[in-house]
2 protein chains.
Amino acid sequence: MTGAGSTHTPDARFDRTIRALGQSGVNRLATTHLAVVGCGGLGSIMAEEFTRYGIGQLTLIDPDVVEESNLPRLFGAFPADVGRPKVEVVRDHLARIDENVRATTVQDRVENATPALREVDLIVAGLDRVSTRQWLNAYAVQHRTPYVDAGVIITTSGTEETETGTAPHIETMDGYIQVVLPGHSACFACLNRGDPERARIERLTEEEREEELARGYIDETQLSPEPAVVPLNGVVASKTVQLVAKLVTGYAEPPDYLHFEGVSNDLTTLSTTPRPDCPLCNPGTDQDLDLEADFDLTPAENDPDPETDQ
Amino acid sequence: MTGAGSTHTPDARFDRTIRALGQSGVNRLATTHLAVVGCGGLGSIMAEEFTRYGIGQLTLIDPDVVEESNLPRLFGAFPADVGRPKVEVVRDHLARIDENVRATTVQDRVENATPALREVDLIVAGLDRVSTRQWLNAYAVQHRTPYVDAGVIITTSGTEETETGTAPHIETMDGYIQVVLPGHSACFACLNRGDPERARIERLTEEEREEELARGYIDETQLSPEPAVVPLNGVVASKTVQLVAKLVTGYAEPPDYLHFEGVSNDLTTLSTTPRPDCPLCNPGTDQDLDLEADFDLTPAENDPDPETDQ
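Since we're looking at a predicted model, the values are computed, not measured.

Calculation criteria
- Residues numbered from 1 in each chain as written.
- Chains lettered and ligands numbered in written order.
- Predicted model: local features only at pLDDT ≥ 70, side-chain atom pairs only at ≥ 80, totals over all residues.
- Heavy atoms only, no water.
- Helix = DSSP H or I, 4+ residues; strand = E, 2+ residues; numbered from the N terminus.
- Buried < 20%, exposed > 50% of the residue type's maximum accessible area, 1.4 Å probe, protein only.
- Polar contact = N/O pair within 3.5 Å; in protein donor to acceptor, adjacent residues only side chain to side chain.
- Least-squares fit on C-alpha atoms with pLDDT ≥ 70 in both.
- Contact = heavy atoms within 4.5 Å.
- Axes fitted to C-alpha atoms, helices over the stretch in contact; angles between N-to-C directions.
- Parallel < 35°, antiparallel > 145°, perpendicular 65-115°, else oblique.
- Left-handed = near helix turned anticlockwise from the far one by under 90°.
- Nonpolar A, V, L, I, M, F, W, Y, C, P; charged D, E, K, R; others polar.
- Buried area = accessible area lost by both parts, 1.4 Å probe.
- Salt bridge = Lys/Arg side-chain N within 4 Å of Asp/Glu carboxyl O.
- Pairing = 2+ DSSP bridges.
- Phe/Tyr/Trp six-rings, centres within 6.5 Å; stacked < 30°, edge-to-face > 60°.

So, on to the side chain of Arg73 of chain B. All names here are of chain B. For Arg73, the location among the structural elements is in the loop between β2 (57–61) and α4 (86–97). On the basis of relative accessibility, which here comes to 1%, the residue Arg73 falls in the buried class. Among the polar contacts made by the side chain of Arg73, one reaches the main-chain carbonyl oxygen of Ser69 at a distance of 2.9 Å.

Structure, rendered in structure tokens:
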């Protein structure tokens, strides 16, 4: 069982995947084209797992470059990559993992990447901008593209003594995944998800933000980086890949909504249906809306400092 | 927020981890020495996450070389690594991730690695040999070393038609993690874990195995590779890292036993206590046993084909 004499055929490589999903399942993964929106602490782990799993084609979308503070969570990124575009760092890593994977990149905000989104079978996102999620959800519903949205958030309060000093008191380590199958399951808007105030702040220009800060309408804490740790991202990213594989190969039906809390280890799944009066899912209702105005479907270029890292 | 001007200090790198765990938590991770036993589809993901998280020192233990069929699950391994020892491949990857991590390797079965085990604060294992788990559990209880054991298993039955052909019917995708804190929580033996027949087969020499096959005492299916997929491993490995971080930093108390089922997304946690008549945890009981004989604590060299990949 030394590898030296191994035959380098796809079947040898995917032998144990085939024992789970069959050749048909592996073929299905190989002919699927995913968009991974956000190549930070969630998207980079998903991109690596999708590629090792045998997904054939990935379009990586993210405007950011690698920061030193991303390294504790950004799979495929190493210290020498600081300053390089995340999409290029992740793409190069995927090419090392599997020479057959086709990975293309869009180093821009997803709002400016609609031509690339039109090519894909399914969109997967790991973002931390509420406004970007809302835009992507509206795009997915409009274009009938399945959309799987993953997110994490750690909440802390005060500080407490530990054996080695003081540390923030961790209250919750939440991860969630929403599967939006337009026409079948609830969309982001159906569930009224996303803090409108946070989305509003995200949409401010830098100048507007400075002014609101000066006037006390928003405070620094609303703009500072969130706590983040790799194993929470690993759980949520991996579970997202598992749900996407269920959708793609059909071996089981994924839940429409999944919530994981990492302190208590509670895991909750929900079934959803589109809300009859959701203006996105049912544009004929009284609550019809102007997508461009209400969900900002126009290219967004007002934020010089997008933050997509989880 | 471009990375080009970032200051390369440890604080900048771990900024968002510090926002979760505090400087004291990060310090605690940095001064912890873990053994990662098994550098396959679970251990390699754990090793990468531990290193990105900032664990200071890792001892990697695994006898195997990389096979082509490991590539879909072995983080840090690329096609050119086929034939190289897993421990060296993972060690080189960890050095790329963080130039400060101290990673040492033992390319041998853990039964032969007791000098290395004596150095560590905590043992983490991702194995698929029942007999190796039993040995490690006995070692941990005897030496009062905390031991976190993770495993995955996919069960399938028959085949079913899919849109693209036939595939095995996936029944369950199970992952579990047991936290053995000697004297405080149940050990592997307390819970009677591990199929004795499987452990017996694992301990056969190749010659004995051939003979049992020929005589029909065991059949080929008991020796063939198990189904395996990366996202199940990713969930279980990440959750293991999360539990270890709770133990090391004390930010929350981990469960003693955690079970995850990936088809239903059921997650169960249990509290345990050492069983009063467990011969390992309470060697003074009537059920005392001969560790060497019953748990094979002597170096095991009879298996030319150890299989530690998940």
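On to helix α3 (residues 43–53) of chain B, then. Residues and elements named next belong to chain B. Of all eleven residues that make up α3, eleven are buried, and the element is covered over most of its length. Within α3 the residues assigned to the buried category are Gly43, Ser44, Ile45, Met46, Ala47, Glu48, Glu49, Phe50, Thr51, Arg52 and Tyr53. Downstream of α3 by one or two residues, Gly54 has phi in the positive range, about 110°.

Take the relation of the copies chain B and chain A next. After a rotation of 180° and a shift along the axis of 0.0 Å, chain B superposes on chain A with an RMSD of 0.0 Å. These values place the two chain copies in the arrangement generated by a two-fold rotation axis. It is Val235 of chain B whose C-alpha, among those of chain B, lies nearest the rotation axis, at 2.3 Å. Most of the interface of chain B is mirrored in chain A: 100% of its interface residues are interface residues there too.

A few words on the packing of helix α9 (residues 230–249) of chain A against helix α9 (residues 230–249) of chain B. For the pair α9 of chain A and α9 of chain B, the least separation of the axes is 8 Å and the interaxial angle reads 160°. Judged on the interaxial angle alone, α9 of chain B and α9 of chain A are roughly antiparallel. Note on packing geometry: the crossing formed by α9 of chain A with α9 of chain B is left-handed. Every residue of α9 of chain B that contacts α9 of chain A at Pro231, Leu232, Gly234, Val235, Ser238, Lys239, Val241 and Gln242 of chain A is listed here: Pro231, Leu232, Gly234, Val235, Ser238, Lys239, Val241 and Gln242 of chain B. Of the residues in the contact of α9 of chain A with α9 of chain B, the class split is eight nonpolar, six polar and two charged.

All names here are of chain B. Between α3 and α4, the shortest axis-to-axis distance is 10 Å and the interhelical angle comes to 25°. Between α3 and α4, the crossing angle belongs to the class labelled roughly parallel. Both α3 and α4 take part in a crossing whose hand is right-handed. Facing α3, whose interface residues are Ser44, Ala47, Glu48, Thr51 and Arg52, α4 presents Val90, His93, Leu94 and Ile97. Looking at the contact of α3 with α4 residue by residue, the class counts come to four nonpolar, three polar and two charged.

Our focus in this paragraph is the interface of chain B and chain A. The parts lose accessible area when they come together, and the size of an interface is often stated as this lost area. With 88 residues of chain B at the interface, the matching set in chain A holds 88 residues. Each partner contributes to the roughly 7300 Å² buried at the junction of chain B and chain A, and carbon and sulfur atoms together form 55% of this total. At the boundary of chain B with chain A, the tally comes to zero salt bridges. Where chain B meets chain A, there are 18 residue pairs in polar contact (both at pLDDT 80 or more). Class assignment of the residues belonging to the side of chain B that touches chain A gives a composition of 41 nonpolar, 26 polar and 21 charged.

Residue and element names in this part refer to chain A. Taken in spatial order, the eight strands make up an open sheet running β3-β2-β1-β4-β5-β6-β7-β8, and their pairing is mixed. Edge strands, defined here as strands with exactly one partner in the open sheet, are β3 (102–106) and β8 (266–270). Averaged over all neighbouring strand pairs, the angle between strand axes comes to 15°, with direction disregarded. Judged from the 15 bridges that link them, strand β5 (residues 147–162) and strand β6 (residues 165–180) form a sheet pairing that is antiparallel. From the neighbouring strand, Ser157 faces β6, where its bridge partner is His169.

Turning to the packing of aromatic side chains, a few remarks are in order. All names here are of chain A. Taken as a whole and assessed by the stated rule, the structure comprises five aromatic pairs over all chains. Between Trp135 and Tyr139 the ring centres are 5.6 Å apart and the planes differ by 20°, which places this aromatic pair in the stacked class. One end of the pair, Trp135, and the other, Tyr139, are both in helix α6 (residues 130–143), four residues apart, so they sit about a helical turn from each other. Judged by its relative accessible area of 2%, Tyr139 falls in the buried class.

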